[in-house]
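# Results of the structural survey
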Amino acid sequence: QPMIILKLKEVQARYNVSGKDLAAFIGVGKTMVSDWRAGRRKPSYDRIGKIMDAIAQLGDENQLQLFPLSLSELMEWREDLNESHATNQNKNISF
């Protein structure tokens, strides 16, 4: 079944946005951002838009010019063809 992977950790690192700043911009607690990063929770679709806005506003300008932010930077769609991984999806977020 197809899965959507949230690549928040990578995006925060690439554009130099702290979890604290991201949480403040979106209006959620730092724990929520930490849970998203770890795959313990998944953001709602409207929050995904807010994450994109936050990265665009808070992110390093040079990095944003070199690597323009797109939804595919933040999310990755994967076909999970290996059934054995179905029980070990702690880092994968499926909608």
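Everything that follows concerns the structure shown earlier in this document.
In this report, the structure presented in the accompanying data block is examined. All of these numbers come straight from a predicted model, not from anything done at the bench. (Residues numbered from 1 in each chain as written. Predicted model: local features only at pLDDT ≥ 70, side-chain atom pairs only at ≥ 80, totals over all residues. Heavy atoms only, no water.)

Let us look at the overall build of the protein chain. Counting its regular elements, the protein chain contains 6 helices and 2 strands. Of the regular secondary structure in the protein chain, the N- to C-terminal order runs β-α-α-α-α-α-α-β. Taking all 95 residues of the protein chain together, the buried fraction comes to 33%. Considering only intrachain contacts with a sequence separation of at least 6, the fraction spanning at least 24 residues in the protein chain is 70%. Split by element, the accessible area of the protein chain, about 6200 Å² in all, is 47% carbon and sulfur. (Helix = DSSP H or I, 4+ residues; strand = E, 2+ residues; numbered from the N terminus. Buried < 20%, exposed > 50% of the residue type's maximum accessible area, 1.4 Å probe, protein only. Contact = heavy atoms within 4.5 Å. Areas by Shrake-Rupley, 256 points an atom, 1.4 Å probe, with all protein chains shown as cover.)

Taken as a whole and judged by the stated rule, the model has 4 salt bridges. Here the residues in one salt-bridge network are Lys-7, Glu-76 and Arg-78, joined through shared partners. (Salt bridge = Lys/Arg side-chain N within 4 Å of Asp/Glu carboxyl O.)

Looking now at the nonpolar core. Leu-8, Leu-22, Trp-36 and Leu-74 are the most contacted members of the largest nonpolar core, which totals 21 residues. If you list the elements that add at least two residues to this core, you get β1 (2-6), α1 (8-15), α2 (19-26), α3 (30-38) and α4 (45-58). With 5 residues, the single largest contributor to this core is α4. (Core = buried A, V, L, I, M, F, W, Y, C linked by side-chain atoms within 4.5 Å.)

Next up on the list: the packing of α2 against α4. It is the contact of α2 with α4, at a shortest axis distance of 9 Å, that shows an interaxial angle of 120 degrees. The angle between α2 and α4 falls in the class oblique. Seen along the crossing, α2 lies across α4 with a hand that is right-handed. On α4, the residues that touch Asp-21, Leu-22, Phe-25 and Ile-26 of α2 are Arg-47, Lys-50, Ile-51, Asp-53, Ala-54, Ile-55, Gln-57 and Leu-58. Along the lines of polarity and charge, the residues of the contact of α2 with α4 split into 7 nonpolar, 1 polar and 4 charged. (Axes fitted to C-alpha atoms, helices over the stretch in contact; angles between N-to-C directions. Parallel < 35°, antiparallel > 145°, perpendicular 65-115°, else oblique. Left-handed = near helix turned anticlockwise from the far one by under 90°. Nonpolar A, V, L, I, M, F, W, Y, C, P; charged D, E, K, R; others polar.)

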